[in-house]
Amino acid sequence: MIGRLNHVAIAVRNLEASTAVYRNTLGAKVTAPDTLPEHGVTVVFVELPNTKIELLQPHGANSPIAKFLEKNPDGGIHHVCYEVDDIIAARDRLKADGARVLGDGEPKIGAHGKPVLFLHPKDFCGTLVELEQA
Ligand code: CO
């Protein structure tokens with residue numbers, strides 16, 4: 001059911017400093033910052049030949065990544081994102097299998113302007129999983 005690895009997301013405290021690490025130290029192409037108020041984050045994407053790295057910085061008081069950064073003060077891998085062809089069909093199949101979909105279970109529009117859903121880490125090997133309709 002899942003297709004390509006769309007991105008690996010890393011939560012960071014300082015997006016500017018983290019962008020500099022990827023752009024200057026690692027020599028990668030990094031997009032301009034994009035704030036997504038409905039997700040409580042500001043993001044940039046590191047564009048690699050075979051996938052992307054999403055750097056996430058909290059935005060606003062109730063950011064879902066604030067707690068993660070409290071536990072991981074240096075930042076860390078926050079989620080992986082897999083592509084699916086049909087996000088509603090994927091969701092319904094996973095729910096029928098007993099997997100927990102986070103939030104109200106309805107897809108939101110993600111950083112690429114496409115529908116996304118998040119799946120409970122306890123159901124997926126301790127890793128928060130994002131599904132994006134490719
Ligand atoms: Co993501």
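Refer to the structure above for everything that follows.
Not measured: the values here are computed from a predicted model.

1. Some details on the overall build of the protein
Scanning the protein from terminus to terminus reveals three helices and nine strands. Counting helices and strands in the order they occur from the N terminus, the protein gives β-α-β-β-β-β-α-β-α-β-β-β. Expected size for 134 residues packed as a compact globule is a radius of gyration near 14 Å; at 15 Å, the protein falls within 12% of this value. Taking the principal axes of the C-alpha coordinates as reference, the protein spans close to 45 × 35 × 25 Å. Looking at the protein as a whole, 40% of its 134 residues are labelled buried. The long-range share in the protein, meaning contacts at least 24 apart out of those at least 6 apart in sequence, stands at 54%. For the protein, the exposed area adds up to about 7600 Å²; of that, 52% sits on carbon and sulfur atoms. Each charge sign in the protein was given a centre, from 14 positive and 17 negative side chains, and these centres are 3 Å apart.

2. Some remarks on the side chain of threonine 19
Mapped onto the secondary structure, threonine 19 falls in helix H1 (residues 15–25). Look past the residues within four positions of threonine 19 in its chain and what remains in contact with it is Asn24, Val30, Val44 and Leu55.

3. Focus on the coordination of the cobalt ion
Around the cobalt ion, the protein supplies His7 (NE2), Glu54 (OE), His79 (NE2) and Glu130 (OE) as donor atoms, at distances of 2.0 to 2.2 Å. With four donor atoms in place around the cobalt ion and angles of 86 to 174° between them, the coordination shape is irregular. Of note, the donors binding the cobalt ion are all from one chain and are spaced H-x46-E-x24-H-x50-E. One end of the pair, histidine 7, is in strand E1 (residues 5–11); the other, histidine 79, is in strand E6 (residues 76–84), with 72 residues separating them in the sequence. Look at histidine 7 and you get buried, because its relative accessible area is 1%. On the accessibility criterion, histidine 79 (2% relative accessible area) is buried.

4. Considering the environment of alanine 96
Mapped onto the fold, alanine 96 is located in helix H3 (residues 87–96). Take alanine 96: its relative accessible area is 67%, and that puts it in the exposed class.

5. What about the environment of arginine 100?
Relative to the assigned elements, arginine 100 resides in the loop between H3 and strand E7 (108–109). Every residue in contact with arginine 100, bar those within four places of it in the chain, is listed here: Phe118, Leu119, His120, Lys122 and Asp123.

6. Examining the pairing of E1
Counting buried positions over the seven residues of E1 gives six, a clear majority of the element. As paired strands, E1 and E6 are joined by six bridges and run antiparallel to one another. Across the sheet, the residue bridging to valine 8 is valine 80, located in E6. Pairing geometry for E1 and strand E5 (residues 52–58), over five bridges, is parallel. Residue alanine 9 lies in a different strand from E5, and its bridge partner there is glutamate 54.

Parameters at a glance
Residues numbered from 1 in each chain as written. Predicted model: local features only at pLDDT ≥ 70, side-chain atom pairs only at ≥ 80, totals over all residues. Heavy atoms only, no water. Helix = DSSP H or I, 4+ residues; strand = E, 2+ residues; numbered from the N terminus. Rg over C-alpha atoms; globule rule 2.2 N^0.38 Å. Buried < 20%, exposed > 50% of the residue type's maximum accessible area, 1.4 Å probe, protein only. Contact = heavy atoms within 4.5 Å. Areas by Shrake-Rupley, 256 points an atom, 1.4 Å probe, with all protein chains shown as cover. Lys, Arg positive; Asp, Glu negative; His and termini not counted. Charge placed at Lys NZ, Arg CZ, Asp CG, Glu CD. Donors = N, O, S within 2.8 Å, 3.2 Å for Na, K, Ca; no water. Tetrahedral: all angles 85-135°; square planar, octahedral: opposite > 155°, others 65-115°. Pairing = 2+ DSSP bridges.

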